[in-house]
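For reference, the chains in residue letters:
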Amino acid sequence: MEESLWVAILIAAMRTATPLILAALGELIVEKAGCVNLGVEGMMLVGAVTGFAVGLTTGNFALAFVVAAVAGAVLSMVYAALVLIFQVNQYAAGLSLTILGGGVSAFWGQPWQGQNMTGLQPTVIPGLSDLPVIGTVFSRTDIVTWAALAACVAVALVLTRTRAGLILRAVGENHDSAHALGYSVRGVRTLAIAFGGAMAGMGGAYLSCVMTPLWIEGMTAGRGWIAVALVVFATWKPARVVLGAWLFGAVSVMQIHGQAMGLAVSSHILAMLPYLVTILVLVLISRDATRIRLAAPGSLGKPFKPA
Amino acid sequence: MLPRLVLRLQPSALALYGAPVIALIFTLAFGYVLFASIGRDPLAALHAYFIAPVNSTFGLSELLLTALPLALIGLGLAVGFRANIWNIGAEGQLLLGAIGGGSVALALWGEGVPGTFILVCLTGAITGMAWAAIPAFLRIRFNANEILTSLMLIYVADQLLGYLVHGPLKNPQGFGFPESRLFSAEAQMPLLWDGTRLHVGWLLLPVAAVGIWLFLSHTLAGFRMRVGGDAEPAAAYAGFSRPGMIWLSFLLTGGLAGLVGAMEVAGPVGQLLPTISPGYGFAAIIVAFLGRLTPLGVVLAAHLLALILIGGENVQMLGVPSSVAQLFQGVLLVALLASDVLVRFRVVWSTPARRAA
């Protein structure tokens, strides 16, 4: 097989992984603070539609990503209110967010349904792009792909090397102790949830502004759920989120490049692969119940109500 | 004066049954504001949404027809949710039921076997169960989160249906359209009410509702499910088998969802298409919660959700996107979950005690 095909596959895998990395990093922070937000899919959809709308009308993709982040964060506040104020079960609250986000994006996105645009183009860096292989990769990937990797480093550093990260982890490990120490559990969780919403929103915007620059109802097709699964797969470690996302990216790309690689299989069957792989890795990683329990934040999923 | 939540000694029954009413009123108020904000006469739009569709006997029959899948799946989900077991993949189990049932209908196409539709329904229930058995098995054997696995299987089922109607089950005389043959008459659900689309499958609704009610309130297994959800440590101490509960709730919901899928393709749809469900499996989650996880409540809630689905189609005539139905579902569920705070808590208005400096 010629080299260019492998490079093409690598680039496609990296691009496919980007929305997953963004959304999963956000969810990782939320879960590190002790909350499972199953509404990632809904927040991604809202980010996708707002990002698309702004990108199409202004052509300014930086603005599109900012607006998408704000939209995701605003929607995530519904989850925050349900869980932190109304004492709703976290699973139920997250599910309601996914249904609400699907509804909001479908209704509000109706005028743009099925439209497409010229998406965000790769950034050409003079000199660098002329290098073999690496140059090709650089010249055919966009800035967000690299920003997502930078975000992973940033999240890892904040979690392990800063006071803010320590407080966040304390709140997630044992919210009663953190509360007793005088930290605002609700405050920390609200910020974490907003961050998760913003990241999911940008993940959605990446889909509608870069990867497939168009808007279709429900276009995330389960990627929000895969992002939630990635956090478990990564055992709550940022670097492993990236590895996991690349694995999914590589599998998803089989769909596009399957024919070129000589796979005579229906595209529908190939489209099943990312979901089947998600199930497979969940099974492999969850098999060791003790390991998952030790890796998961101690207060994950438990309700918190100060006296 | 700030509101503060104080835990009730006993859950409030008034709040438990009042919460769906509050949520409905909130959703209607939201609808009023929404329609007004997009420049429609709000009362006319709400009338077109919630009253006009059921203002005729045909409309009523359509309501019953749409409520049937929601109620059957919702009944199954209510049992699982009681035990804190989260099967979110009913939509996929429905699709497998459609595939299984539809395959039987197509295999016996033109054979003229009387009562084929019964076989279609049975096969659908079994394939739905088999699909639901996957996340149950993975949970019990490998500790894999059932929410994520059952959800992933929806997308797999969707692609499987897509593959079949584009390939092996495509109508050979269908000019290449991705759809199967129309099922022969004996494979289609006999009609219950002439001049409508309501079929005999509807008779299963009272049977299932009463059956689930008896199961939950009059059997030991039902009692175990309730304890398993209300107090898992107590259930474990009493030796109630958690795997048993997981199997039961998944197989029950999977069977009902599969049956629904088969009845949809053998009923109103009449063939296999790439899309056969307007999200019944997801709406049924709202039905289960709104119906307070009780059989009677689920049946009532199913008719409300059916009205929301049908009304969404109806307001398209006013130039309102039909996706407003999905929006209403989300708002209704969020409002319901928020209102539920009153079941376990009292709101006390008090001035916060001044902190010592």
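Residues numbered from 1 in each chain as written. Chains lettered and ligands numbered in written order. Predicted model: local features only at pLDDT ≥ 70, side-chain atom pairs only at ≥ 80, totals over all residues. Heavy atoms only, no water.

**Remarks on the overall build of chain A**
Regarding its fold elements, chain A presents 13 helices and zero strands. Along chain A, helices (α) and strands (β) appear in the sequence α-α-α-α-α-α-α-α-α-α-α-α-α when read from the amino end. Computed over its C-alpha atoms, the radius of gyration of chain A comes to 19 Å, within 12% of the 19 Å expected for a compact globule of 307 residues. If you line up chain A on its principal axes, its C-alpha atoms span 65 × 45 × 40 Å. (Helix = DSSP H or I, 4+ residues; strand = E, 2+ residues; numbered from the N terminus. Rg over C-alpha atoms; globule rule 2.2 N^0.38 Å.)

**Concerning the overall build of chain B**
From N to C terminus, chain B includes 14 helices and two strands. For chain B, the C-alpha radius of gyration of 22 Å lies close to 21 Å, the compact-globule estimate for 357 residues. C-alpha extents for chain B along the principal axes are approximately 85 × 60 × 35 Å. Classification of the 357 residues of chain B by burial places 54% in the buried group. Taking contacts inside chain B between residues at least 6 apart in sequence as the whole, the part at least 24 apart equals 77%. Just so you have it, chain B exposes about 15,300 Å², and 68% of that area is on carbon and sulfur atoms. Across chain B, the mean location of the 17 positive side-chain charges is 20 Å away from that of the 14 negative side-chain charges. (Buried < 20%, exposed > 50% of the residue type's maximum accessible area, 1.4 Å probe, protein only. Contact = heavy atoms within 4.5 Å. Areas by Shrake-Rupley, 256 points an atom, 1.4 Å probe, with all protein chains shown as cover. Lys, Arg positive; Asp, Glu negative; His and termini not counted. Charge placed at Lys NZ, Arg CZ, Asp CG, Glu CD.)

**Considerations on the nonpolar core**
If you look at the biggest cluster of nonpolar residues, it comprises 215 residues, and the most contacted ones within it are W225 of chain A together with Y49, L70, L72, I73, L272 and V324 of chain B. L5, A12, A13 and V253 of chain A belong to the second largest nonpolar core, which has five residues in total. (Core = buried A, V, L, I, M, F, W, Y, C linked by side-chain atoms within 4.5 Å.)

**Considering the packing of aromatic side chains**
Centre distance and the angle of the planes are the two values used to describe a pair of aromatic rings. All names here are of chain B. What the rule picks out here adds up to 13 aromatic pairs over all chains. Seen in terms of ring centroids, F81 and W86 are 5.2 Å apart; in terms of plane orientation they differ by 35 degrees. Their pairing is tilted. Considering the side-chain rings of F223 and F240, the 6.3 Å spacing of their centres and the 75 degrees angle between planes classify their relative orientation as edge-to-face. Linking F223 in helix α8 (residues 220-230) with F240 in the loop between α9 (232-237) and α10 (242-269), this pair joins segments that are 17 residues apart in sequence. Residue F223 is classed as partly exposed on the basis of its relative accessible area of 40%. Grouping aromatic residues by their ring pairs yields a cluster made of F30, F35, Y49, F50 and F328. (Phe/Tyr/Trp six-rings, centres within 6.5 Å; stacked < 30°, edge-to-face > 60°.)

**As for the pattern of salt bridges**
Residues and elements named next belong to chain B. Considering all chains together, one arrives at five salt bridges over all chains under this definition. We note a salt bridge from D340 to R292, for which the minimum N-O separation is 2.7 Å. Of this pair, D340 sits in the loop between α13 (324-339) and α14 (341-344) while R292 sits in the loop between α11 (280-290) and α12 (295-314), and the two are 48 residues apart along the sequence. (Salt bridge = Lys/Arg side-chain N within 4 Å of Asp/Glu carboxyl O.)

**Quick word on the interface of chain B and chain A**
Contact with chain B, which involves 43 residues of that partner, is made by 44 residues of chain A. In total, chain B and chain A occlude about 3,700 Å² of area from one another, counting both sides; carbon and sulfur atoms represent 82% of this. Scanning the region where chain B abuts chain A turns up zero salt bridges. On the surface where chain B and chain A come into contact, there are nine residue pairs in polar contact (both at pLDDT 80 or more). (Buried area = accessible area lost by both parts, 1.4 Å probe. Polar contact = N/O pair within 3.5 Å; in protein donor to acceptor, adjacent residues only side chain to side chain.)

**Some remarks on the packing of helix α2 (residues 40-58) of chain A against helix α4 (residues 90-108) of chain A**
Residue and element names in this part refer to chain A. The contact between α2 and α4 brings their axes to 6 Å, and the two run at 20 degrees. One element, α2, and the other, α4, form an angle in the roughly parallel class. Like other packed secondary-structure pairs, α2 and α4 cross with a definite hand, here left-handed. Mapping the contact onto sequence places V40, E41, G42, M43, L45, V46, V49, T50 and A53 in α2 and L97, T98, G101, G102, V104, S105 and W108 in α4. Class assignment of the residues belonging to the contact of α2 with α4 gives a composition of nine nonpolar, six polar and one charged. (Axes fitted to C-alpha atoms, helices over the stretch in contact; angles between N-to-C directions. Parallel < 35°, antiparallel > 145°, perpendicular 65-115°, else oblique. Left-handed = near helix turned anticlockwise from the far one by under 90°. Nonpolar A, V, L, I, M, F, W, Y, C, P; charged D, E, K, R; others polar.)

**A short note on helix α6 (residues 143-161) of chain A**
Residues and elements named next belong to chain A. Between its terminal C-alpha atoms α6 stretches 26 Å, which fits the 27 Å expected from 19 residues at 1.5 Å a residue. V144, T145, A148, L149, A151, C152, V155 and L159 are the residues of α6 that are buried. When α6 is viewed along its axis, its buried side chains cluster within an angular range of 155 degrees and face the same direction. In α6, the exposed positions that point more than 90 degrees away from the buried face belong to I143 and R161. A side-chain oxygen of the first residue of α6 lies 3.1 Å from the backbone nitrogen of V144; this N-cap is D142. (Expected span 1.5 Å × (residues − 1). Arc of directions from axis to C-beta.)

**Some details on the side chain of R189 of chain A**
Residue and element names in this part refer to chain A. Looking at the element boundaries, R189 is found in helix α9 (residues 185-211). For the buried residue R189, which engages in no salt bridge, the nearest side chain bearing the opposite charge is D176, 8.3 Å off. Polar contacts involving the side chain of R189 include one to the side chain of H175, which spans 3.0 Å. Sequence-distant contacts of R189, that is, excluding residues within four places in its chain, are made with A33, G34, C35, L84, V171, H175, S299, K302 and F304.

**Describing the environment of V74 of chain A**
Take V74 of chain A: it is sitting in helix α3 (residues 61-85). When the C-alpha positions of V74 of chain A and I193 of chain A are compared, they lie 9.9 Å apart, and in sequence the two are 119 residues distant.

**Here's the deal with the environment of L22 of chain A**
All names here are of chain A. Note that L22 resides in helix α1 (residues 3-32). Since its relative accessible area comes to 6%, L22 is described here as buried. Discounting residues that sit within four places of it in the chain, L22 has contacts with V144, A148, M199, M202 and G203.

**Observations concerning the environment of L252 of chain B**
For L252 of chain B, the location among the structural elements is in helix α10. Sequence separation of L252 of chain B and A132 of chain B is 120 residues, and the distance between their C-alpha atoms is 8.8 Å.

**Describing α8 of chain B**
If you check which residues of α8 of chain B are buried, you get G222, M225, V227 and G228 of chain B. The secondary structure elements touched by the buried residues of α8 of chain B are α3 (57-82), α7 (204-218), α9 and α10 of chain B.

**Examining the side chain of S105 of chain A**
Locating S105 of chain A in the fold gives a position in helix α4. A polar atom in the side chain of S105 of chain A sits 3.1 Å from the backbone oxygen of G102 of chain A.

**Observations concerning the packing of α3 of chain A against α4 of chain A**
Residue and element names in this part refer to chain A. Packing of α3 against α4 leaves a shortest axis separation of 9 Å and a crossing angle of 155 degrees. Considered as vectors, α3 and α4 are oriented roughly antiparallel to each other. When the axes of α3 and α4 are compared, the crossing they make is right-handed. Contacts from L75, S76, V78, Y79, L82 and V83 of α3 reach α4 at Q90, A93, G94, S96, L97, L100 and G101.

**Quick word on unusual backbone geometry**
Residues and elements named next belong to chain B. One non-glycine residue, N84, adopts positive backbone phi at about 65 degrees. Following the sequence through the fold, N84 ends up in the loop between α3 and α4 (90-107). Of note in the backbone geometry, F175 takes a positive phi value of approximately 55 degrees without being a glycine. Its place among the elements puts F175 in the loop between α6 (146-166) and α7.

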